[in-house]
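Fold and contact review
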Amino acid sequence: MKKYLLSTAMIAVLGALPVSAENHIMDYKPVTQERLLDPESSDWLSLRRTLDGHGHSPLDEINKQNVAQLETVWNQSTGPYQQYAEFAALPARPAHQAPALVNDGVMFMVTPDLQIIALDAVTGEEYWRYVYEFPADIIPVHPTNKGVALWEDKIYMNTQDAHTIAVDAKTGELVWKTKLEDYRNGYYNTAAPLVVDGVVVVGTSGGEFGIRGFLQGLDAESGITKWKTYTIPHPDAPGGDTWPGDTWKTGGGSTWITGNYDKENDLVVWGVGNAAPWIGDMRPGDNLYTTSSVAVSPQTGEIKSHFQYHHNGNWDWDEVFPPTLMNLDGQDLAVRFARNGYIYKMDRSEGDFKFIEGKPYVHNDAFLGLDPETGRPEYDPDKVPGTGKYAAYCPSAWGGRDWLADSYNAKTGILYIPVNENMCGEAEGAVVDYEPGVLYLGSGLSMKLTPEAEDHIGAIQAWDIRTLEKKWQVNFKSHMWGATMSTDGGLVFAGGTSDGMFRAFDADSGEILWEKQLDGGINTPPTTFTVDGKQYVAVTTGWGVDADRVQFFIDLNRGTKTEIPQGGSIWVFALPS
Amino acid sequence: MIYTLHLFKILLIIALFVPLGTISIAEDTAISQDSLKSGKELYLKRCRLCHGSKGTSGKRLSKNQNLADTQYVANTIINGRGYMTAFGEHLTDEEISLIMTFVRNSIGNSFGAVSAEEVARYR
């Protein structure tokens, strides 16, 4: 694992001090609810640019006719890094997973060791750097951070020791810090917050430790908790009868990917991970609200509705990525490519999830099919592992898609999704006792490649959401661990392959129109913005965590050893002046 | 290539059979209370998160016959195995020997002490 280099003395110097004398950032433009809901085309203010999760930009200066001319404007390391932890609990290098957010020419980046960096988006000049101080005994399972949220004049970040913090956008000084849970009991947080109307909504990681998952709403100004809603209901609450005995207390249901906001119904739509332990016969029942999407009031935390993709899960198929929200031909839809390998198209016009249609987008042999009315799957019993019962199944525990974001072009109705296929899993359950802060899995974890993996594992797929038909697919022998970004320039950008390539695809055909090998693998979502009318594209290298772990299993299967440079730098591209 | 690693098998909890203190093992090697105490402290700091305080989480260490093979255990700690982190860069030979001595002589095991010199030979 990479050694972190930033000393305590350096932290004292760097922490929260502006490093630029003359600061454009002092004219910082506050981020309002109106701007988050309808951002200027020049900005990328939230993880997926718009709160409905589209990951699409209306910019078209860079387009399919000229993208081949794209060149580097600036590139610089996000280091120096601080002393974080000597090792991860499971082997993995720290990964950059955060998109570069841009507000009026000011870029914000967060590093795996929890430094927030504010930079000039055109030059890369650093305005300030905030360094979060870790407890000395942190041993991360997922050494990463997936990004910050912007609201008014503050920047919000979640931490490995289960806190949420706010810093001043102009200076990087800490404004408030709120403890969510005790990290010693397995709680940690790598996802970005979501801010809706002054409420900072946050989730939690730690399902593998048998936590009780939750969503929490904090006041954006003070950090004071307004509400906390558990994703594993109390026995007396609705859904509580889906958990036997005390299993609800340690049922998992983490919420480790940031949700989207359904403005038509004023609901936060968030994904809930799988149950703990991983094997279903240890907790008979549907186990609500695990492996579900939940729709929650951002002001009260009340769960208004939910949709469960698969019940009593067995396969570590976290369903944490939120549905992409859209209005297509006058119909409000929620569309989700689930980790279990199926697409789900749902009507959300009344604030709930009415199942319309579902079908596989990668091979799934554990489901015999979906109920055409409800979308509830029927399982092949031979593909269901149990306590003392071995079963092999497809897709693998990492699913058809893991946490990597899709993008959606509302003008064409086409959605672009990074997927993995031809990887299957196997598991056998064994009785496990709960101990706070200790892995609580109840089974092994392994992956095997199918013969078709010789052709490809990773891919980008384009789907017509009107017809739910696949339009094209571009395959890679490598697994795919990068989010997509589409633009009105007729392009789809993505990294994610083990060769460290950053690519632009023709959105109509999937043809690769431009590619450049960077200094490391790319797990971060690309973003695009303009300053003074000129369009830029940004992406950050920094390969690690589960992208590394899956590569380990691929190499084990293939008898290879793939060296993937870690990288750790921001790249900004534009057309020649 | 198909393989069947089961890296996180989690089996029945086993109580701590062997009380801390000076104990005798098959080879008649006395194990001091201090070394067991030091080994336990290191184990709880470095190993508990995955294996649990009683060796019954993650890959089960309690009543695990593989622990009888000192070379296998030392190699696993030094170089990692499957989903286990390689600790060779993070622990000294002395620290590895203390952890090995603890897990081999507690949590349901009784396999004898390991010296730092023996660990060094497996590096």
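Residues numbered from 1 in each chain as written. Chains lettered and ligands numbered in written order. Predicted model: local features only at pLDDT ≥ 70, side-chain atom pairs only at ≥ 80, totals over all residues.

**Description of the confidence of the model for chain B**
Residues and elements named next belong to chain B. For clarity, the threshold we go by: A residue's pLDDT is the predictor's confidence in that residue, given on a scale from 0 to 100. The way it works is that DSSP assigns letters per residue, a run of H or I at least four long becomes a helix, a run of E at least two long becomes a strand, and they are numbered from the N terminus. Residues are scored as being in contact if the C-beta atoms we place from backbone atoms lie within 7 Å.
Looking at chain B as a whole, the pLDDT averages 79, with 76% of positions reaching at least 70. Mean pLDDT values over the elements of chain B span from 92, in helix H2 (residues 48–51), up to 97, in helix H4 (residues 93–104). Per-residue pLDDT stays below 50 along residues 1–28; that stretch engages in 77 contacts with residues further than four places along the chain or on separate chains. Under the prediction, the complex receives an ipTM of 0.79, its pTM being 0.92.

**Looking at the packing of helix H3 (residues 70–79) of chain B against H4(B)**
Residue and element names in this part refer to chain B. Operational definition: An axis is simply a line fitted to the C-alpha atoms; with a helix, the fit covers only the stretch in contact. Between two such axes, the angle follows the N-to-C directions and lies from 0 to 180 degrees. Here is the rule for angles: anything less than 35 degrees is roughly parallel, anything more than 145 is roughly antiparallel, 65 through 115 is roughly perpendicular, and the remaining ranges are oblique. Left-handed is the label given to a crossing in which the near helix is rotated counterclockwise from the far helix by less than a right angle, and right-handed is the label when the rotation is clockwise. Gly is placed with the polar residues, together with every amino acid not listed as nonpolar (Ala, Val, Leu, Ile, Met, Phe, Trp, Tyr, Cys and Pro) or charged (Asp, Glu, Lys and Arg).
One can describe the packing of H3 onto H4 by two numbers: an axis separation of 11 Å at closest approach and a directional angle of 125°. Put simply, H3 runs oblique to H4. In the crossing of H3 with H4, the sense of the turn from one axis to the other is right-handed. From H3, Thr70, Val73, Ala74, Ile77 and Ile78 reach across to H4, where they touch Ile96, Ile99 and Met100. Of the residues assigned to the contact of H3 with H4, the class counts are 7 nonpolar, 1 polar and no charged.

**Points about the environment of A:Met346**
All names here are of chain A. Tracing the sequence through the fold places Met346 in strand E24 (residues 342–347). Sequence spacing of Met346 and Asp332 is 14 residues, and the spatial spacing of their C-alpha atoms is 8.6 Å. The contact partners of Met346, leaving out residues within four places of it in the chain, are Phe307, Pro323, Leu333, Ala334, Phe353, Lys354, Phe355 and Ile356.

**Remarks on the sheet that holds strand E29 (residues 407–409) of chain A**
All names here are of chain A. Cut-off, in case you're wondering: At least two DSSP bridges between two strands are needed for those strands to be called paired.
An order of E29-E30-E33-E34 is seen for the 4 strands of this open sheet, with the pairing classed as antiparallel. Two strands in the sheet have a free side with no partner beyond their single neighbour: E29 and strand E34 (469–476). Each strand axis lies, on average, 20° off the axis of its neighbour in the sheet, ignoring direction. Inspection of the sheet shows E29 paired to strand E30 (residues 414–420) by 3 bridges, in the antiparallel sense. Looking at the pairing, Asn409 lines up with Ile414 of E30.

**Structural notes on the pairing of strand E38 (residues 512–517) of chain A**
All names here are of chain A. Here 5 bridges tie strand E37 (residues 501–506) to E38, and the two strands are oriented antiparallel to one another. Looking at E38, one finds that Ala504 is bridged to Trp514. Linkage of E37 to E38, two consecutive antiparallel strands, is achieved through a turn of 5 residues, within which Gly510 is found at a positive phi near 85°.

**Here we look at the packing of helix H1 (residues 33–46) of chain B against H4(B)**
Residues and elements named next belong to chain B. As a packed pair, H1 and H4 sit with axes 7 Å apart at the nearest point and diverge in direction by 100°. By the angle between their axes, H1 is roughly perpendicular relative to H4. Judged by residue contacts, Ser35, Leu36, Ser38, Gly39, Lys40, Leu42 and Tyr43 of H1 engage Glu95, Leu98, Ile99, Thr101, Phe102 and Val103 from H4. Each residue belonging to the contact of H1 with H4 can be placed in one class, and the counts come to 7 nonpolar, 4 polar and 2 charged.

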